[in-house]
Amino acid sequence: RPATPTELSRWTSVGVTAATAYDEFDRGLEFMLAGLLQSPAFLYLAETGAPGPDGLRRLTSWELASRRSFFLTNAPPAELLRAAAAAGVLDTEAGIRGEVKRLLQKPQARQAMTQLFGELLDLGHLDQLSKDSVTFPGFQIALGTSMREETQRSLLELGFDHPTDL
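Described below are features of the structure shown in this document. (Residues numbered from 1 in each chain as written. Predicted model: local features only at pLDDT ≥ 70, side-chain atom pairs only at ≥ 80, totals over all residues. Heavy atoms only, no water.)

**Topic: the packing of helix α4 (residues 61–73) against helix α7 (residues 107–120)**
- Across the interface, α4 lies against α7 with an axial gap of 6 Å and an inter-helix angle of 75°. Between α4 and α7, the crossing angle belongs to the class labelled roughly perpendicular. Each of F71, L72 and T73 in α4 lies in contact with α7, whose residues at this interface are Q108, A109, A112 and L116.
- The residue makeup of the contact of α4 with α7, split by class, is five nonpolar, two polar and no charged. (Axes fitted to C-alpha atoms, helices over the stretch in contact; angles between N-to-C directions. Helix = DSSP H or I, 4+ residues; strand = E, 2+ residues; numbered from the N terminus. Parallel < 35°, antiparallel > 145°, perpendicular 65-115°, else oblique. Contact = heavy atoms within 4.5 Å. Nonpolar A, V, L, I, M, F, W, Y, C, P; charged D, E, K, R; others polar.)

**A closer look at a nonpolar patch on the surface**
- On the surface, F25, L29, L33 and L36 cluster together into a nonpolar patch covering about 370 Å² of accessible area.
- Within the element layout of this structure, L36 appears in helix α2 (residues 25–38). (Patch = residues over 30% accessible without salt bridge, like charges linked within 9 Å, V, L, I, M, F, W, Y side chains within 5 Å. Areas by Shrake-Rupley, 256 points an atom, 1.4 Å probe, with all protein chains shown as cover. Salt bridge = Lys/Arg side-chain N within 4 Å of Asp/Glu carboxyl O.)

**Notes on the pattern of salt bridges**
- All chains considered together, the criterion is met by nine salt bridges.
- Between R102 and E99 there is a salt bridge, with its nearest N and O atoms 2.8 Å apart. Taken as a pair, R102 and E99 lie in helix α6 (residues 93–104) at a separation of three residues, close to a single helical turn.
- Residue classification places E99 among the buried positions, given a relative accessible area of 13%.
- R148 serves as the salt-bridge partner of D127, at 3.0 Å between the closest nitrogen and oxygen. Taken as a pair, D127 in the loop between α7 and α8 (142–161) and R148 in helix α8 lie far apart in primary sequence, 21 residues in all.
- For R148, a relative accessible area of 17% puts it in the buried group. (Buried < 20%, exposed > 50% of the residue type's maximum accessible area, 1.4 Å probe, protein only.)

**Quick notes on α4**
- End to end, α4 covers 17 Å across 13 residues, agreeing with the expected 18 Å (1.5 Å per residue, within 8%).
- Within α4 the residues assigned to the buried category are S61, E63, L64, A65, S66, S69, L72 and T73.
- Residues of α4 that are buried make contact with β2 (57–58), α5 (79–87), α6 and α7.
- Looking one or two residues past α4, N74 carries a phi angle of roughly 55°, positive in sign. (Expected span 1.5 Å × (residues − 1).)

**Looking at the environment of F160**
- Checked against the element boundaries, F160 lands in helix α8.
- The class of F160 is buried, set by a relative accessible area of 18%.
- Residues F160 and T4 lie 156 residues apart in sequence; the distance between their C-alpha atoms is 38 Å.

Next comes the structure, spelled out in structure tokens:
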């Protein structure tokens, strides 16, 4: 989300105060950037939502954009998604569906899915798979790598080559 006027004022004040104290513009910038980079709002993806018409809290457009982008592409929202959030496109189910379909067309979505299931199913360990040669005489070291690759390809085919309609 864009910084609020209060946040901009606070960080500008930190920069001006440090620049004045050290009599160096660069030192003020250094303090301001150091503070920004340590800020919980920068480090964590906080989702507080906003009150909805029914009294329940609902994720804001900016929170929906971040959640969708990190889940589907392992990256912060790009310019198009930020523009959609700013325009309120993500306030409707149709808008969310449209943006999800667009995000799923990105190559990063395939990588994100591979990484998600790789971690979830612990596929990285298949490359080091070993079996007792007496019990499994036909086992070859390349089998584990093939098993990982086959699982990844099957998941990508299910998720991207034959998806259900959103």
